[in-house]
Structure formats: C-alpha cells, structure tokens
Amino acid sequence: MDFAEARQFITENYRSVLATRRRDGKLQMSPVTVGIDDAGRAVVSSRETAYKTRHLRRDPHASLCVFTKDFHGPWVQIDGAAEIVSLPEAMELLVDYYRRVNGEHPNWDEYRQAMENENRVMIRITLEHAGPDRRG
C-alpha cells in the first residue's frame with residue numbers, strides 16, 4: 001500500500017490501536033484516536049506520563065492499526081519513527097489535531113486549559129511502512 005492511500009484511509013477513519021515496546025521488549029498497546037497532519041505524519045494526543053509516551057521516548061518505533069467504525073472490514077497498519085512534542089510547543093499542534101479529528105471545539109480557551117491540566121503531548125509518527133501489501 002502506498003503512503004497516500006494509507007493517509008487517506010487514516011483521514012477518514014480515526015479509530016486505532018498504537019503499539020509500542022516496553023523495556024522488556026513486550027508490546028504495549030493502547031486504543032487511540034489518530035489523524036494526519038500537514039506533513040503527512042500520523043498524529044496522536046497523549047499525556048506526558050502515559051506509558052506509550054515513556055516507551056516512545058526510549059524506543060521511537062511505533063505501529064498503528066487503523067480500522068473503520070464497523071471494525072470488521074478494511075484496515076491499515078503503519079509503522080514508523082515517533083517524535084514526542086511536549087507543551088508548550090505542542091499546544092497549537094493539539095488544537096490542529098482536534099480540528100482535524102473532531103472539527104471546531106465550542107470553547108478553545110477551555111480546551112487549551114484542559115491540555116495544560118492533563119499535561120498533553122503530541123505524538124507524531126513518520127510513515128516508514130504502510131500495509132497490508134496483500135490481501136489473504
């Protein structure tokens with residue numbers, strides 16, 4: 001699957017599971033909401049203290065399985081290098097992420113305060129592989 005096709009699928013389907021690696025090498029998986037930013041990276045909001053954030057700071061390799069709301073049907077897996085952007089630099093990225101996934105927020109000041117209170121970060125994943133490449 002080419003990256004443009006994967007990005008289009010993710011733009012239309014935000015439900016996903018993010019896989020990271022624990023220190024012992026075992027997988028840690030988290031259900032997340034994903035979007036695509038202007039640079040074509042997959043973007044996910046998280047908290048500074050979340051395990052997925054800690055794991056990605058140590059080992060930036062990430063995989064996302066993105067699926068439709070019906071779950072059974074088309075899906076996409078992407079793999080790539082993750083970058084964590086913390087506050088305050090992350091604030092406008094978090095606003096952009098929200099707009100891409102949910103549209104306009106009824107109160108942006110309230111949203112920004114919640115992002116600060118929750119110590120939110122933006123995870124940006126550069127696509128290095130997208131699949132499936134074959135159907136079984």
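Everything below is about the structure printed above this text.
Figured I'd write up the structure that's included with this text. None of the values given here were measured: they were computed from a predicted structure.

1. Digging into helix α4 (residues 108-117)
Link 1 in the chain: Considered for burial, the residues of α4 that qualify are Trp 108, Tyr 111 and Met 115. The buried residues of α4 occupy one face: seen down the axis, they fall within an arc of 55°. Away from its buried face, by an angle of more than 90 degrees, α4 presents the exposed residues Asp 109, Glu 110 and Asn 117.
Link 2 in the chain: Those residues of α4 hidden inside the fold are in contact with α3 (91-102) and β6 (120-131).
Link 3 in the chain: For α4, the side-chain oxygen to backbone nitrogen distance between the N-cap and Asp 109 is 3.1 Å, and the N-cap itself is Asn 107.
Link 4 in the chain: Directly beyond the C-terminal end of α4, a positive phi value near 55° is found at Asn 119.

2. Considerations on the nonpolar core
Link 1 in the chain: Counting residues in hydrophobic clusters, the biggest one holds 22 residues, and the most contacted among them are Leu 18, Ala 42, Leu 64, Ile 78, Ile 123 and Ile 125.
Link 2 in the chain: Taken together, the elements giving at least two residues each to this core come down to α1 (3-12), β2 (27-36), β3 (42-47), β4 (61-67), β5 (75-86) and β6.
Link 3 in the chain: Ranked by residues supplied to this core, first place goes to β6 with five residues.
Link 4 in the chain: Setting aside chain neighbours within four positions, we find Leu 18 in contact with Gln 28, Met 29, Ser 30, Val 32, Lys 52, Leu 56, Ala 62, Ser 63, Leu 64, Ile 123 and Ile 125.

Rules and cut-offs
Residues numbered from 1 in each chain as written. Predicted model: local features only at pLDDT ≥ 70, side-chain atom pairs only at ≥ 80, totals over all residues. Heavy atoms only, no water. Buried < 20%, exposed > 50% of the residue type's maximum accessible area, 1.4 Å probe, protein only. Helix = DSSP H or I, 4+ residues; strand = E, 2+ residues; numbered from the N terminus. Arc of directions from axis to C-beta. Contact = heavy atoms within 4.5 Å. Polar contact = N/O pair within 3.5 Å; in protein donor to acceptor, adjacent residues only side chain to side chain. Core = buried A, V, L, I, M, F, W, Y, C linked by side-chain atoms within 4.5 Å.

These figures capture arrangement, not role.
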